Amino acid sequence: MSEFTREGLEPLATLGNDTPRIDAIERVTGQAKYTRDWKLPGMLYARVLRSPHPHARIVSIDTSAAEALPGVRSVITYENAQVVWGAGSVNGGRQYNDPTKDATIHRRYIFNNPVRFVGDSIAAVAATDRHIAEEALTLIAVEYEQLPFVLEPEQALEEGAPQVYAEGNLCPDFRGEFAPMISNIGDVEAGFAEADQIFEERYETGFIHNAQMEPRCSLAHWQGDKLVLYTPSQGISNCRHDTARDLGLQDHQVQIISKYMGGGFGNKNQNQDADLIAATLSRRAGVPVMLEYSRREDWLGVHGRWPTVQYYRVGVKDDGEVTAMEMRAYSGMGPYRKNSGGISGMDAYGCPNRYREIHPVYTNRTTSGNFRAPSEPHGHYGVENMMDEVAYQIGMDPVEFTLMNMRRPTEQQQFTNYSLEEVIRNGAERFNWQARRRVTPGSDEGPIKRGAGFSFMMFRAGVGTSSAIVRVNANEEYTLYVGVTDIGPGAKTTMGMIAAEALEVPLSQVEVVWGDTDRCPYSVGESGSRTTIMTGIAVVEAAEDLKRQIADRGMPTGSDVLIASATPTPTTDGMTRQCFGAHFVEVEVDTRIGATRILKYTTVHESGRIINPSTARDQIRGATIQGIGQALHEDLLYDPQSGQPLTPGYYRARHLTHKDIPDIDVHFIEVDDGYGPFGAKTAGESGIILAPAAVANAVANAIGKRMTSLPITRDKILGAMA
Amino acid sequence: MKALTNVNATSFAEAASAAQSARQQGQAVAFSAGGTDLLQQIKDGTDNADVIINLRTIGDGRSIGSDGAGIAIGGLVTLTELSQDPLVLSGLSALAQAADSVGTPQIRNVATLAGNVTQRPWCWYYRNGFNCFKAGGNECFSVNGENGQHAIFGGGPSYIVHPSDVAPALVAFDAVFQVTGPNGDREVSAEDFFVLPITNPERENSLTENELLTGVRIPTVSSSTVSTYHKIMDREAWTHAEVGVAAVIQRDGNQVQNAKVVLAGVAPIPWRVQAVEEFLAGQQIGEAVAREAGEIGLQGAQPLSNNAHKLPMISAAIERAILNLAAG
Ligand SMILES: Cc1cc2nc3c(=O)[nH]c(=O)nc-3n(C[C@H](O)[C@H](O)[C@H](O)COP(=O)(O)OP(=O)(O)OC[C@H]3O[C@@H](n4cnc5c(N)ncnc54)[C@H](O)[C@@H]3O)c2cc1C
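Residues numbered from 1 in each chain as written. Chains lettered and ligands numbered in written order. Predicted model: local features only at pLDDT ≥ 70, side-chain atom pairs only at ≥ 80, totals over all residues. Heavy atoms only, no water.

## A short note on the pairing of strand 23 (residues 578-590) of chain A
All names here are of chain A.
Okay, step 1: Counting buried residues in strand 23 gives 13 out of 13 residues, a clear majority hidden from the surface.
Okay, step 2: Residue alternation in strand 23 divides its side chains into two sets, Gln 578, Phe 580, Ala 582, Phe 584, Glu 586, Glu 588 and Asp 590 and Cys 579, Gly 581, His 583, Val 585, Val 587 and Val 589, and both sets are buried.
Okay, step 3: Bridge count for strand 18 (residues 448-460) against strand 23 is 13 bridges, and the pairing is antiparallel. When the bridges of strand 23 are listed, Arg 450 appears paired with Glu 588.
Okay, step 4: Relative to strand 24 (residues 595-606), strand 23 is paired through eleven bridges, and the arrangement is antiparallel. Looking at strand 24, one finds that Ala 582 is bridged to Val 604.
Okay, step 5: The antiparallel hairpin formed by strand 23 and strand 24 contains four residues in its connecting segment, where Gly 594 sits at a positive phi of about 70 degrees. (Buried < 20%, exposed > 50% of the residue type's maximum accessible area, 1.4 Å probe, protein only. Helix = DSSP H or I, 4+ residues; strand = E, 2+ residues; numbered from the N terminus. Pairing = 2+ DSSP bridges.)

## What to know about the sheet that holds strand 12 (residues 271-272) of chain B
As a general point, the strands of a sheet are linked pairwise by backbone hydrogen bonds and lie either parallel or antiparallel.
Residue and element names in this part refer to chain B.
Okay, step 1: With antiparallel pairing, the four strands of this open sheet are ordered in space as 9-10-11-12. Only two strands of the sheet have a single neighbouring strand rather than two, namely strand 9 (225-232) and strand 12.
Okay, step 2: Sheet topology places strand 11 (residues 255-264) next to strand 12; two bridges connect them, and they run antiparallel. Considered in strand 12, the bridge of Leu 263 is made with Trp 271.
Okay, step 3: Where helix 5 (residues 93-100) meets the sheet, its contacts fall on strand 9 and strand 10 (243-252), and the angle it forms with strand 9 comes to roughly 20 degrees. (Contact = heavy atoms within 4.5 Å. Axes fitted to C-alpha atoms, helices over the stretch in contact; angles between N-to-C directions.)

## What to know about unusual backbone geometry
Residues and elements named next belong to chain A.
Okay, step 1: Note that the residue after Leu 710, namely Pro 711, is joined by a cis bond; omega there is -5 degrees.
Okay, step 2: With respect to the helices and strands, Pro 711 occurs in the loop between helix 18 (691-703) and helix 19 (714-721).
Okay, step 3: Phi at Ser 529 takes a positive value of approximately 50 degrees, unusual for a residue other than glycine.
Okay, step 4: Tracing the backbone through its elements, the reader meets Ser 529 in the loop between strand 21 (510-513) and helix 15 (531-553).
Okay, step 5: Classification of Ser 529 as buried rests on a relative accessible area of 14%.

## Focus on the interface of chain A and chain B
Okay, step 1: Contact residues are listed per partner, giving 29 residues for chain A and 29 residues for chain B.
Okay, step 2: Approximately 2,700 Å² of surface area, both sides summed, lies buried where chain A meets chain B, with 53% of it carried by carbon and sulfur atoms.
Okay, step 3: Notably, a salt bridge pairs Asp 234 of chain B with Arg 714 of chain A, separated by 3.0 Å at the nearest N-O pair.
Okay, step 4: If you list the elements that add at least two residues to the side of chain A that touches chain B, you get helix 4 (130-138), helix 17 (650-653) and helix 19 of chain A. (Buried area = accessible area lost by both parts, 1.4 Å probe. Salt bridge = Lys/Arg side-chain N within 4 Å of Asp/Glu carboxyl O.)

## As for the domain arrangement of chain B
Interface size is commonly expressed as the accessible surface area that is lost when the partners come together.
All names here are of chain B.
Okay, step 1: Partitioning chain B into domains gives domain 1 (1-59), domain 2 (64-118 + 160-219) and domain 3 (225-326).
Okay, step 2: Across the contact, 29 residues belong to domain 2 and 26 residues belong to domain 3.
Okay, step 3: In total, domain 2 and domain 3 occlude about 2,000 Å² of area from one another, counting both sides; carbon and sulfur atoms represent 63% of this.
Okay, step 4: Looking only at domain 2, the three residues that lose the most surface to domain 3 are Asp 165, Pro 168 and Ala 172, adding up to 22% of its buried area.
Okay, step 5: The interface formed by domain 2 and domain 3 contains three salt bridges.
Okay, step 6: The salt bridge partner of Lys 260 is Asp 174, with a shortest N-O separation of 2.2 Å.
Okay, step 7: Our count for the domain 2 to domain 3 interface comes out at eleven residue pairs in polar contact (both at pLDDT 80 or more). (Domains from an automatic or database assignment. Polar contact = N/O pair within 3.5 Å; in protein donor to acceptor, adjacent residues only side chain to side chain.)

## Overview of the sheet that holds strand 13 (residues 289-292) of chain A
Residues and elements named next belong to chain A.
Okay, step 1: Ordered in space as 4-5-2-13-10-11-12, the seven strands form an open sheet in which the pairing is mixed. Both edges of this open sheet fall to strand 4 (72-77) and strand 12 (254-257), since each of them pairs with a single strand only. Averaged over all pairs of adjacent strands, the angle between strand axes in this sheet comes to 20 degrees, irrespective of strand direction.
Okay, step 2: Here six bridges tie strand 2 (residues 44-50) to strand 5 (residues 121-127), and the two strands are oriented antiparallel to one another. Note that in strand 5 the partner of Arg 47 across the bridge is Val 125.
Okay, step 3: Contacting strand 2, strand 4, strand 5 and strand 13, helix 4 crosses the sheet at an angle of about 25 degrees to strand 2.
Okay, step 4: Relative to strand 10 (residues 217-223), helix 8 (residues 273-285) is tilted by about 40 degrees, and along the sheet it contacts strand 2, strand 4, strand 5, strand 10, strand 11 (226-230) and strand 13.

## Examining the side chain of Thr 225 of chain B
Residue and element names in this part refer to chain B.
Okay, step 1: In this structure, Thr 225 sits in strand 9.
Okay, step 2: A distance of 2.8 Å separates the side chain of Thr 225 from the side chain of Ser 222, its partner in a polar contact.
Okay, step 3: If near-sequence neighbours (up to four positions away) are discounted, Thr 225 is found in contact with Val 248, Ile 249 and Gln 250.

## Notes on helix 15 of chain A
Since the α-helix packs 3.6 residues into each turn, any two residues three or four apart lie on the same face.
Okay, step 1: An ideal rise of 1.5 Å per residue puts 33 Å on 23 residues; helix 15 of chain A measures up with 32 Å between its terminal C-alpha atoms.
Okay, step 2: One or two positions beyond helix 15 of chain A, positive phi appears at Gly 554 of chain A, with a value near 80 degrees. (Expected span 1.5 Å × (residues − 1).)

## Details of the packing of helix 10 (residues 377-393) of chain A against helix 18 of chain A
Residues and elements named next belong to chain A.
Okay, step 1: Between helix 10 and helix 18, the shortest axis-to-axis distance is 8 Å and the interhelical angle comes to 30 degrees. Relative to helix 18, the crossing made by helix 10 is right-handed. Only Pro 692, Ala 693, Ala 696, Asn 697 and Asn 701 of helix 18 make contact with helix 10, whose side of the interface consists of Pro 377, His 380, Tyr 381, Glu 384, Asn 385, Asp 388 and Tyr 392.
Okay, step 2: Of the residues belonging to the contact of helix 10 with helix 18, the class tally is six nonpolar, four polar and two charged. (Left-handed = near helix turned anticlockwise from the far one by under 90°. Nonpolar A, V, L, I, M, F, W, Y, C, P; charged D, E, K, R; others polar.)

## Some thoughts on the domain arrangement of chain A
Okay, step 1: Domain boundaries assigned for chain A yield domain 1 (1-8 + 410-460 + 575-722), domain 2 (35-147 + 216-292), domain 3 (149-206 + 305-405) and domain 4 (463-566).
Okay, step 2: Centre-to-centre separation of domain 3 of chain A and domain 4 of chain A, based on C-alpha positions: 42 Å.

## Describing empty space enclosed by the protein
Okay, step 1: Taken as a whole, this structure holds four cavities of 30 Å³ or more when the rule is applied.
Okay, step 2: Of the voids in this model, the largest cavity is the one considered here, and its volume is about 290 Å³.
Okay, step 3: In terms of lining, the largest cavity is formed by 23 residues, of which the most central are Tyr 651 of chain A together with Trp 122, Gln 149, His 240 and Ala 241 of chain B.
Okay, step 4: Taken together, the residues of the lining of the largest cavity sort by class into nine nonpolar, eight polar and six charged. (1 Å grid on protein atoms, 1.4 Å probe; cavity = no way out; pocket = protein on both sides within 12 Å on 5 of 7 lines; lining within 4 Å. Points joined across faces, edges and corners; volume = space filled by probe spheres on them.)

## Examining the packing of aromatic side chains
Okay, step 1: Counted by the stated rule, this structure contains 29 aromatic pairs over all chains.
Okay, step 2: Taking NZ or CZ as reference, Arg 530 of chain A lies 5.5 Å from the ring centre of Tyr 96 of chain A, over its face. (Phe/Tyr/Trp six-rings, centres within 6.5 Å; stacked < 30°, edge-to-face > 60°. Lys NZ or Arg CZ within 6 Å of the ring centre and 35° of its normal.)

## Some remarks on the environment of Asp 120 of chain A
Residue and element names in this part refer to chain A.
Okay, step 1: Along the chain, the position of Asp 120 falls in the loop between helix 3 (98-103) and strand 5.
Okay, step 2: Overall, the relative accessible area of 0% leaves Asp 120 in the buried class.
Okay, step 3: When the C-alpha atoms of Asp 120 and Leu 49 are compared, they prove to be 8.5 Å apart, with 71 residues separating the residues in sequence.
Okay, step 4: Setting aside its immediate chain neighbours within four residues, Asp 120 contacts Leu 49, Arg 50, Ser 51, Asn 112, Pro 114, Val 115 and Tyr 336.
Okay, step 5: Polar contacts involving the side chain of Asp 120 include one to the side chain of Tyr 336, which spans 2.8 Å.

## Focus on the nonpolar core
Nonpolar side chains in soluble globular proteins generally cluster together in the buried interior.
Residues and elements named next belong to chain A.
Okay, step 1: Membership of the largest hydrophobic core comes to 70 residues, with the highest contact counts inside it found for Met 325, Phe 401, Ile 424, Val 695 and Val 699.
Okay, step 2: A total of eight residues in this core trace back to one element, the largest contributor, which is helix 18.
Okay, step 3: Of the residues that make up this core, three or more belong to each of domain 1 (1-8 + 410-460 + 575-722) and domain 3 (149-206 + 305-405).
Okay, step 4: If we ignore the near neighbours within four places in the chain, the residues touching Val 699 are Val 587, Val 589, Thr 596, Gly 704, Met 707, Ile 712 and Ile 717.
Okay, step 5: Listed in part, the 53 residues of the second largest apolar core include Val 72, Ala 124, Ala 136 and Leu 276. (Core = buried A, V, L, I, M, F, W, Y, C linked by side-chain atoms within 4.5 Å.)

So this is what it looks like as C-alpha cells:
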C-alpha cells in the first residue's frame, strides 16, 4: 500500500504522476547496453591478482611464465605500474577534495606492497580471452612474507596491536593529524550532573556490502592521448576528474561513458581501481581492455559499510528530558580510508549537551566506503536503541519520549521546512502504535512473542552545482543534456519529467541525453541524494531560459535550433534543508528457534514534492529491504586465526529473498519548501536509515531483551533468551 | 577457470569406466549431474577436476516408478520432478518436502537426486579454499575458529555438517542406494552409504573412486505411515538447513508403532536420533510427548564453542515435526 498526501500543493501536469522509466523497455528487453556488453575490435580481457593474505610483504614476484603464455598481451604489477588511486585512500575520507588527496599520508596504489587485506590487488593480466587471463594469473609466482594482522577496530588501538601503518592504526583526519573526530556541543558533564538517571550501553554493527547486482568492470580504449572509459559510474563527471587526475591527464582527455548500469548504492562513486588498471593495461597493450571483477572480487576488493562499535551514555531527568548524550565509537575502515567512518544519529536530538568522539581505525579487513547513507543506518540503530531503552527504563512511550527530545528548529538553526513531528504522529496513527507496542517489553505469554518498534530521522539534502543544456528544433522536439546516470532511482526519467514540466510540454516531446561526459555537462553525481535537487534546478533554469528565447524569437524554423543552458548555484538562505521520516515495525519472534518475522512495516516520509511517485515509493521500499537485511542478516565474518573472510556473496551474507520481504507501506507527506525544483527535496538514501533501528527496537519490545549487536541473528536471540 | 575436458557419458557404466581410465592417466575427475554445485566448485578452485564426466547425456536414471517391492527413483531425476511426482507426494511426503525445500526453483529445476545426496560440504572453510580434511589436508579449521554452523553430533576429526536435505529423508525411509562402478553394480543401505569423518575424514560417503550413485529404491511404506520434513533455515529460501528433521512414523490412530527420525544440518552425515525413535514407539502423539522427544533428541550432543544455539532449534524442530504428524 502507498499513499501520497498533497494538501495545499498545486497539482502539476507531469510531476506527481506515476511515470514509467524512459529506459524501461530497453532494460527489460535486453537492448540496454551495460558496460560488459560492449565489444570493441581487438579488445582484450583482463583479470586481477589479489592477495590471499590479510597482511604481508611481497618478497618477490615473477611474471615470466604468465607473460610466456600464448594469448597474454600485458602483465602489470606493483613493480612496474605504480599509479596512485586518489579516491582509494584520502586523509579524513574526504573523497571529493583534491588538495586533501594531494596531502594524503597513506596513499593507495592500484597495486600495493605490502598488501593489507585479503583481496588487495597486486598485479593484472590482459589476454585475448578471459580464460587465458585467468590461467595466466595462476602462473604468476609471488613470494610473501606474512605479517601480523588485526581485524577488530578496538583491538587495533590496543597497545602492541599489529600495525597496519608505521604511524599506528588511528586514521589521520583531513588535516593529516592522527586524532579522532570530535564534536562537542554544550557541556556534557554539566548535563550528566543535572540528570536523575544515567544509562550506558555498547552497540555493535557489522560490515554490509552494497550487494548491487552488477559487479565492477571497466573497458578502457585509448584514442591517441585520449582515454575513453566505459564504466558503471554513479557520477560520470567525478569519475572523469578522478581518472584524469590519477593518470596525469587533463579532464578533457578522458571520456566516461556509463549508459546503463546494474545498481550502485555507493559502490560506484568516483573512479575505481578497475578504471585505472584497465586504462594502464590498455595503454601498454595498445588495444581496448575490458576488466571484469567476479562477485567475490567485488565483495572483497571494492568496499562496504564500515563495521562499528558505539559506546553511549545518556543522562535523563525523571520527567523524560534528556540532559546529556555521549558517544565514543570506533569505525573499522579496513586498511585504506575511502570515507569518513562517520556515525550519525545523535544530531536528531535537541539535547543541548552532546559529546561525540569517533575513532576511524585501520584494520586488515576489506576496505570500508560509501554505502547508501554512509554514516546513518548503523548510527541510528545505536542511538535509537539506546534511547528506546532509556524510554522504557523510565516508563515512557518511546514516541512521546522522542517528541519531547528530538531536534526542532531554533533561532540559530532554521529549517527550510520542518515536518518531523507530523511525520511521527502520522506514522504512529497509521500503524496503530498504541495497540501494537507492548508497554512491558517481552510480556507476551508463550514462546512466540510480538512487539513493535519505531525510529525516526532527518537527513540533509546534499549540496553542489550542476549544469543542464536544453535544445529545441523546428519540430518542437526538445533534447535535454544532463550528466546523470541511472543507478536505480530513475534520474534520467526524473530529469526528463522536470524538463517537461518546466517547458510545459509532454514528456514524450523530451529526449534525454545522459551518461557521457563528452555529450553532457557537469553533474554532481548520483551520490549524496542530490541529483534531483541539484541537477533538477539546473534543468528548470535552462528550461526557463529556453522558454524566454522562444517567447522572444518564436519557435525555430527549418534547420535552426534554440539552445539554453544553466549552471545555477542554489542556496537555502542559511537554513538547513532536511527530509524527514519515521518507520514503525511489528515483529513476531519465535524465541524457541530465534527467528524474527516482520508482520507489519509502515513508513512515512516527507521528501518535499514527489516527482515520480512510482520510483519514489520503490526507493523507500528497496532501501527499507536493505535496512532489514542489515538488521537481521548481513555481515562479513572473518576467521580470527587466519584473517580470511568466510561469508562473502549473496548466499553466505544471507541477503533477504523475496519470500523474506514483508509488505512495506509507504506514505509520503508532500510539501513545497520553495527551494528545490518544484519543491522536491531528497529521497534516494533516506529509506535505508531507519530499518535497523526500528527492527531492533521491535525485537527488544517483543522479547524484553535489548539486542546490542547487529545483525540480530538467531544465535543472538537464543543466547539472550537462554 | 582452468581448461577442462568434457566427456559425455551415455550410460552409468560408461561413466564409471571413463572415470577410471582418466584417473589412470593421472587426471582429476568429477562427475557432473546437474552441475549446480560442481561448476561453482571448479570456478572457485575447490574442485580441481581436469576431466568432467557429464551425466546429463545418460538416458537412464530419469524416472520414478513403483513395483511390488517399492518405489525406484533414478539418480538423474531433478529435485523439481521429485517434489512434484504423484507417487512421491502420496507415499513419501517427507522426501517431496525435503526436495522442495532445497535452494531455489532455479536450482531445483536442474539439480538431481544423486547430485544432491553427493554434494560436497558447504563449510565456509572448505569452500573458501582452506586446506582442510575435505580438501585433502589434515586439519579442521572450525574447531578453533568460526563454528556456528558446524557439527553437534558425530564430529571429529572433521566437523562439517552434511548439507543435503534429501539425504535425511532417504535414510528415514530406509532407502537402498544403487551404485555402479568399473567392477559392476552394488547396493548399499542409505545409512551405510554415508560415513563419519572418523572413518574417512575426506569423503562423506562410501563411494569409492570411479563409483557413481545411479538411483535409490525405497521399500514399500505401509498406508498407516505418515512423514514430514521440517526445515529451519536462516532465511525463507536459497539456503541450507540450520536444522532439518525428517520424521517417518507408522501409526495407529495417534499411537506410534514405529518411528524414524533423522536430522539434517547437525552432523557430518544424516543423523538418526535413535533415542527419540525408541522413546516414540508406543506413545500417543501429543504436545507433551513431542516436547519430550525434542529434549531426548539432544542426548549425546557435543556443541562446539559457537553452535550451542542449535540445541534449542533441534528440540523445537523435532517437536514440531512430530506434532505435524498427529492424526486429524
Ligand atoms: C545457492 C545454493 C543453495 C543451496 N541450498 C541447498 C539446500 O537448501 N539444500 C540442499 O540439500 N542443497 C542445497 N544446495 C545444493 C544443491 O542442492 C546442489 O547444488 C544440488 O543438489 C547438486 O545437484 P547437481 O545435480 O547439480 O549436482 P552436481 O553439481 O552435478 O554434483 C554435485 C557433487 O556430486 C557429485 N556427483 C554428481 N552426481 C553424482 C553421481 N551420480 N554419483 C556420484 N557423485 C555424483 C559431483 O561430482 C559433485 O561433487 C544449494 C546450492 C546452491 C548453489
